[in-house]
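# Overview (structure and organization)
Read off the chains here:
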2 protein chains.
Amino acid sequence: MPEVNCPQCSSKMRVDWRRNNTLTHFFYSCPSCELESQIEVEDFLEKKIEEILGIKSEKIEESIKKGNTKFFISMGIPTLLFKKETGKLESGTVIYFTDGFEVIRGFPKIRRTLILSPALKNHFNDLVAVEEKMNGYNVRIACINSPNLNNLADYDVEYFSDKALEVGENSKKVVALTRGGYICPFTTKNAQELMNLDDFFADNPDLVICGEMVGTDNPYVSQYYPEIGKLGFRVFDIRHKLSNEPLTIEDKRSLLKRYALPPVRLFGVFSAEEAHEKIIEIIKEIGLEHREGVVMKHPSMEIPPLKYTSSQAHDREIKYAFNFPFDFGRPFFFSRVIREGFQAYEMDDSPEELEKRAQRLGEAIIYPMVEIIKQINDGEPAVEDTTINVDSKEEAEIFVRHLHDLGVSAMLIEYKEGQAVIRRIYNATTDKIKNFINGGLY
Amino acid sequence: MPEVNCPQCSSKMRVDWRRNNTLTHFFYSCPSCELESQIEVEDFLEKKIEEILGIKSEKIEESIKKGNTKFFISMGIPTLLFKKETGKLESGTVIYFTDGFEVIRGFPKIRRTLILSPALKNHFNDLVAVEEKMNGYNVRIACINSPNLNNLADYDVEYFSDKALEVGENSKKVVALTRGGYICPFTTKNAQELMNLDDFFADNPDLVICGEMVGTDNPYVSQYYPEIGKLGFRVFDIRHKLSNEPLTIEDKRSLLKRYALPPVRLFGVFSAEEAHEKIIEIIKEIGLEHREGVVMKHPSMEIPPLKYTSSQAHDREIKYAFNFPFDFGRPFFFSRVIREGFQAYEMDDSPEELEKRAQRLGEAIIYPMVEIIKQINDGEPAVEDTTINVDSKEEAEIFVRHLHDLGVSAMLIEYKEGQAVIRRIYNATTDKIKNFINGGLY
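Attention in this report is confined to the structure presented alongside it. Please read all numbers here as calculations on a predicted model, not as lab measurements.

Definitions and limits used
- Residues numbered from 1 in each chain as written.
- Chains lettered and ligands numbered in written order.
- Predicted model: local features only at pLDDT ≥ 70, side-chain atom pairs only at ≥ 80, totals over all residues.
- Heavy atoms only, no water.
- Core = buried A, V, L, I, M, F, W, Y, C linked by side-chain atoms within 4.5 Å.
- Buried < 20%, exposed > 50% of the residue type's maximum accessible area, 1.4 Å probe, protein only.
- Helix = DSSP H or I, 4+ residues; strand = E, 2+ residues; numbered from the N terminus.
- Contact = heavy atoms within 4.5 Å.
- Polar contact = N/O pair within 3.5 Å; in protein donor to acceptor, adjacent residues only side chain to side chain.
- Pairing = 2+ DSSP bridges.
- Axes fitted to C-alpha atoms, helices over the stretch in contact; angles between N-to-C directions.
- Parallel < 35°, antiparallel > 145°, perpendicular 65-115°, else oblique.
- Left-handed = near helix turned anticlockwise from the far one by under 90°.
- Nonpolar A, V, L, I, M, F, W, Y, C, P; charged D, E, K, R; others polar.
- Least-squares fit on C-alpha atoms with pLDDT ≥ 70 in both.

### Describing the nonpolar core
- Of all hydrophobic cores here, the largest spans 59 residues; its most connected members are Phe322(A), Phe342(A), Ile365(A), Phe322(B), Phe342(B) and Ile365(B).
- Elements that contribute at least two residues to this core include exactly α10 (330-346), α11 (351-377) and α13 (427-437) of chain A together with α9 (311-321), α10 (330-346), α11 (351-377) and α13 (427-437) of chain B.
- In this structure, Phe342(A) is in contact with Leu114(A), Ile115(A), Phe326(B), Ile373(B), Ile433(B) and Phe436(B), ignoring residues within four places of it in sequence.

### What to know about the side chain of Glu102(B)
All names here are of chain B.
- Along the chain, the position of Glu102 falls in strand β7 (residues 102-104).
- By relative accessible area, which is 10% here, Glu102 ends up buried.
- Within the local environment of Glu102, its side chain forms a polar contact with the backbone nitrogen of Asn145, the two atoms lying 2.7 Å apart.
- Side-chain polar atoms of Glu102 contact the side chain of Lys241, separated by 3.0 Å.
- Setting aside residues up to four positions removed in sequence, Glu102 forms contacts with Val94, Ile95, Tyr96, Cys143, Ile144, Asn145 and Lys241.

### Description of the sheet that holds strand β5 (residues 77-82) of chain A
All names here are of chain A.
- On the basis of which strands lie adjacent, the open sheet formed by 4 strands has the order β4-β5-β6-β7 and antiparallel pairing. If you trace the sheet from one side to the other, it starts and ends with β4 (69-74) and β7 (102-104), each paired once. Taken pair by pair, the neighbouring strands of this sheet meet at an average axis angle of 25 degrees, ignoring direction.
- Pairing geometry for β4 and β5, over 6 bridges, is antiparallel. If you follow Phe71 over to β5, its bridge partner there is Leu80.
- On top of the sheet, helix α2 (residues 57-65) reaches β4 and β5; it is set at about 75 degrees to β4, its chief contact.

### Some details on the packing of α11(A) against α10(B)
- Close contact between α11(A) and α10(B) brings their axes to 9 Å; oriented N to C, the two are set at 55 degrees. With respect to α10(B), the element α11(A) is oriented oblique. Between α11(A) and α10(B) the crossing geometry is right-handed. Contacts from Ile365(A), Ile366(A), Met369(A), Val370(A), Ile373(A), Lys374(A) and Asn377(A) in α11(A) reach Val337(B), Ile338(B), Glu340(B), Gly341(B), Phe342(B), Ala344(B) and Tyr345(B) in α10(B).
- The residue inventory of the contact of α11(A) with α10(B), partitioned by class, reads 10 nonpolar, 2 polar and 2 charged.

### Side note on the relation of the copies chain B and chain A
- Between chain B and chain A, which share one sequence, the superposing operator has a rotation angle of 180 degrees and an axial displacement of 0.0 Å; the RMSD is 0.1 Å. Here the two chains are linked by the operation of a two-fold rotation axis.
- Mapped onto chain A, 100% of the interface residues of chain B again fall at the interface, so both copies present the same surface.

### Remarks on the packing of α9(B) against α10(B)
Residue and element names in this part refer to chain B.
- Where α9 contacts α10, the two axes come as close as 10 Å, and the packing angle between them is 160 degrees. Relative to α10, the element α9 lies roughly antiparallel. Relative to α10, α9 is oriented so that their crossing is left-handed. Contact residues: Ser311, His314, Asp315, Glu317, Ile318 and Ala321 in α9; Phe332, Phe333, Arg336, Val337, Arg339, Glu340 and Gln343 in α10.
- Residue composition of the contact of α9 with α10, grouped by class: 5 nonpolar, 3 polar and 5 charged.

Written out as structure tokens, the structure is:
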């Protein structure tokens, strides 16, 4: 940012990133005399952004006005976050204002096919690489310049505000972003404990590792995988920071091998003609193991990938959502049910198979609902507890603050010897069910 | 309406009800020289409406602007229809501009309880009359002044426009309105064939008969009832035209008896304390006969009624909707599934009962979906055919025009000896499924 000296005491002023800055108007505050003023810095950021991203600054200004793009501090770093798709920028895209100007593009939405044949033939034309889609949460890991502060505590904005954000104090730092574009302190720490990323980023500072954090002991999506256990990471894409261009399947796998980083399972590369038969076999098999599904990619990565999921995954999600029926949107339920209809059709279920599919679906809806109504009738609110491993109670508290930043209602309910129990609270479900039980009208 | 003489040829001008009139500005046209002009008639309609309905004319003007209230011609009668609730006026309220000024209030929405106990005790405090809720369509029958034209053909606006709407040509006429407030030609004719309404309305011109048209041979909701067969009518309420005040249960039943009009079944009047137990028995029993549910009313009708439905009714609706999954809204599925959850909880299903409930629900979702996907894959669009009895092909065509006025996509596909087959067309379902089958992405 341009240097601004305080008109009152001549000290060097700082941008106050917590205020509603725009691309052209910034709130500066003076660390010495506490003078605050809004300063126009036209022809600076908007020019830079146009130049680097090839996106009109008017579009970004509009998006900021609508609240779809915001300035804030993330782990000590001034950040511009695109919460919604803006022009060609995917939602979850971030720009970090360190001494440089670093862009990490959002992970592109992968579209779903409801029917494998003829979709695969039409979409991929020659070859289809089939990788496993695991049930965890989407993470982008990158190496950025960041202020040289004390690791985790820097996540905290208040703490940060007492430190100068001065050029020259920066160093390279690995960060892990969740889908929305927020640096997650839990994931940032654990990704680096699970993998040795230093060599990779030393050699490839402009690449982003995209993958799934999976396992039972994470605060977002808990599922047991025998090969993972408590916590693990699997890489599915490597992309260029600024352009978001992915490496080919082959390049990705050889690069991961070279740095001993764990790729997701590759089921094989099939001809587009016969892929659907192979995938139906794969889906039936992994479904029985309660695994999620597959992502289908062209080996060149020049065609957008597609995803397809198992019946068991649909039921699991429906079951999960009906634990908290009034906190999950109605489209959530509908879309998963629709997937089941198309899968039953394409897999040409026998009458017995169809009956079983219907039974599983019905149970996935009714059973959790009856349970949660009973629970709330017994005076227990709708909550979800997860245990995560942390080094200190402070680290757990910082993570809960991170959840609050994401708009999640959560609290730390227990901390004991490196184990923190985090409780998510589902207020809509608790309140509505309580009301209906007491005779509230629908 | 105020009389207006043509400034060009001095003939008496007529209001053009098909144009966008407001409460204070009307389009008049001259039948002789065809001059058209918009004329301000302030202090007329809005004053009258304020006086009679006790509702601010500004509210109605606003509602007209938003398109929630509209002027149009219904069976030859200039009409103001409230498509949405406006002030205290229920949606479906109509005002007919005949020689007088007749109001028929919309049928009030009956709220649903998801749990019977303690809702009934809280809501009704002493007594609860339990009537059957049948699965047909809601009809209001009233007697109004109407222009003396030839019965059914008068429904047609074009035909009407060649006739003068002159004071003095009116006579009493019985009309049947569906929920939305449109006079339905099919229902108007059949209600009078099913029941002798003349004596009732001769003695009670200010009352409205509210009931359900049921049976297999109607164009809206087809369900077989052994005591009804093809077509029948059951009265559930008698209300005052202008005030919408209902008669007490006792007065209603004795009045219906006097005029030999058929009431809905009354299961009994129970103490509010024990009603829930009785109703659970009733619901289980009628559910097994695939009947809909009950409406619970205070005998005085001074407390708003509540409704409650059987599990089989929920499944039937879900099954019906999943024949046309992309034409029914997502909230449709969600709300019915929620009802099942609360019912399973309150009825304290045994594990076997719960398993069966889940099975029925799952089948109600999956089976129709697989069928419709197969059908569309075979090149057959998603349609629904109903056969109705009519006197002539013209009558059938008039009914289809009525459906178009309601925004329903329908056509007459066959007419033979008084039997007309009307086809409803579900375009969203046909188009979307066709697209997904061909590999369109979700």
